[in-house]
Amino acid sequence: LADPPTIAACCHCLEDEARWVRQEASEALLDIAPRGDTMATNLVVECLRHQDPDVRVLALETLVRLSADGDAGAVACAGLCLEDSSPEVRGSAARVLTRLAGQGHAQA
């Protein structure tokens, strides 16, 4: 298990300007944080409010892989992204909701 400062650092890098840094941060976070980790999930959810739609898309993709089965909060956050101003984010939200439903999330 990763310590909270390491998880926070990975989540901070999800908002980096460089796409490759964001991708590496997502993979590192998924490697170190156990599925359903509340701190990691909450920090990824914060990225859903970022001004860059690419950051929001990656946050959605990270959220679906990080969330625990049955995580109604993940479903709700992804559902809100269906109303995003960016078509890329809306499309990603639809795909994420489909994947969450496949993981057994009752509200998806």
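For the structure given in this document, a descriptive report is provided here. Worth saying up front: this structure is predicted, and the values here are computed from it rather than measured.

Cut-off values and rules
Residues numbered from 1 in each chain as written. Predicted model: local features only at pLDDT ≥ 70, side-chain atom pairs only at ≥ 80, totals over all residues. Heavy atoms only, no water. Helix = DSSP H or I, 4+ residues; strand = E, 2+ residues; numbered from the N terminus. Rg over C-alpha atoms; globule rule 2.2 N^0.38 Å. Buried < 20%, exposed > 50% of the residue type's maximum accessible area, 1.4 Å probe, protein only. Contact = heavy atoms within 4.5 Å. Areas by Shrake-Rupley, 256 points an atom, 1.4 Å probe, with all protein chains shown as cover. Lys, Arg positive; Asp, Glu negative; His and termini not counted. Charge placed at Lys NZ, Arg CZ, Asp CG, Glu CD. Core = buried A, V, L, I, M, F, W, Y, C linked by side-chain atoms within 4.5 Å. Axes fitted to C-alpha atoms, helices over the stretch in contact; angles between N-to-C directions. Parallel < 35°, antiparallel > 145°, perpendicular 65-115°, else oblique. Nonpolar A, V, L, I, M, F, W, Y, C, P; charged D, E, K, R; others polar. Expected span 1.5 Å × (residues − 1).

**Observations regarding the overall build of the protein**
So, point 1. Regarding its fold elements, the protein presents six helices and zero strands.
So, point 2. When the helices and strands of the protein are placed in sequence order, the string is α-α-α-α-α-α.
So, point 3. Relative to its length of 108 residues, the protein is compact, with a C-alpha radius of gyration of 13 Å against a globular reference of 13 Å.
So, point 4. Taking the principal axes of the C-alpha coordinates as reference, the protein spans close to 30 × 25 × 15 Å.
So, point 5. For the protein, the residues scored as buried account for 40% of the 108 residues in total.
So, point 6. Restricting the contact set of the protein to residue pairs at least 6 apart, pairs at least 24 apart contribute 62%.
So, point 7. Put simply, the protein shows about 5700 Å² of open surface, and 53% of that area lies on carbon and sulfur atoms.
So, point 8. When the 9 positive and 17 negative side-chain charges of the protein are each reduced to one mean point, those points stand 6 Å apart.

**Description of the nonpolar core**
So, point 1. Within the largest apolar cluster, 31 residues are counted, with the highest numbers of intra-cluster contacts made by Leu29, Val44, Leu48, Leu60 and Leu100.
So, point 2. Those elements that place two or more of their residues in this core are α1 (4–13), α2 (19–32), α3 (38–47), α4 (53–66), α5 (72–80) and α6 (87–102).
So, point 3. The biggest single contributor to this core is α4, with eight residues.

**Things to note about the packing of α4 against α6**
Helix-helix packing is described using two parameters, namely the angle between the two axes and the distance between the axes.
So, point 1. It is at 9 Å that the axes of α4 and α6 come closest, and there the two elements cross at 5 degrees. Taken together, the axis directions place α4 and α6 in an arrangement best described as roughly parallel. Of the residues in α6, those in contact with Pro53, Arg56, Val57, Leu60, Glu61, Val64 and Arg65 of α4 are Glu88, Val89, Ser92, Ala93, Val96, Arg99 and Leu100.
So, point 2. Grouping the amino acids of the contact of α4 with α6 by side-chain chemistry returns eight nonpolar, one polar and five charged.

**Notes on α4**
Since the α-helix turns once every 3.6 residues, residues separated by three or four places project in the same direction.
So, point 1. Taking 1.5 Å per residue, 14 residues should reach 20 Å; α4 reaches 20 Å between its end C-alpha atoms and fits that length.
So, point 2. Where burial is concerned, most of α4 is hidden: ten out of the 14 residues are buried.
So, point 3. Within the span of α4, buried status applies to Val55, Arg56, Val57, Leu58, Ala59, Leu60, Thr62, Leu63, Val64 and Leu66.
So, point 4. Looking at the packing, one finds that the buried side of α4 touches α2, α3, α5 and α6.

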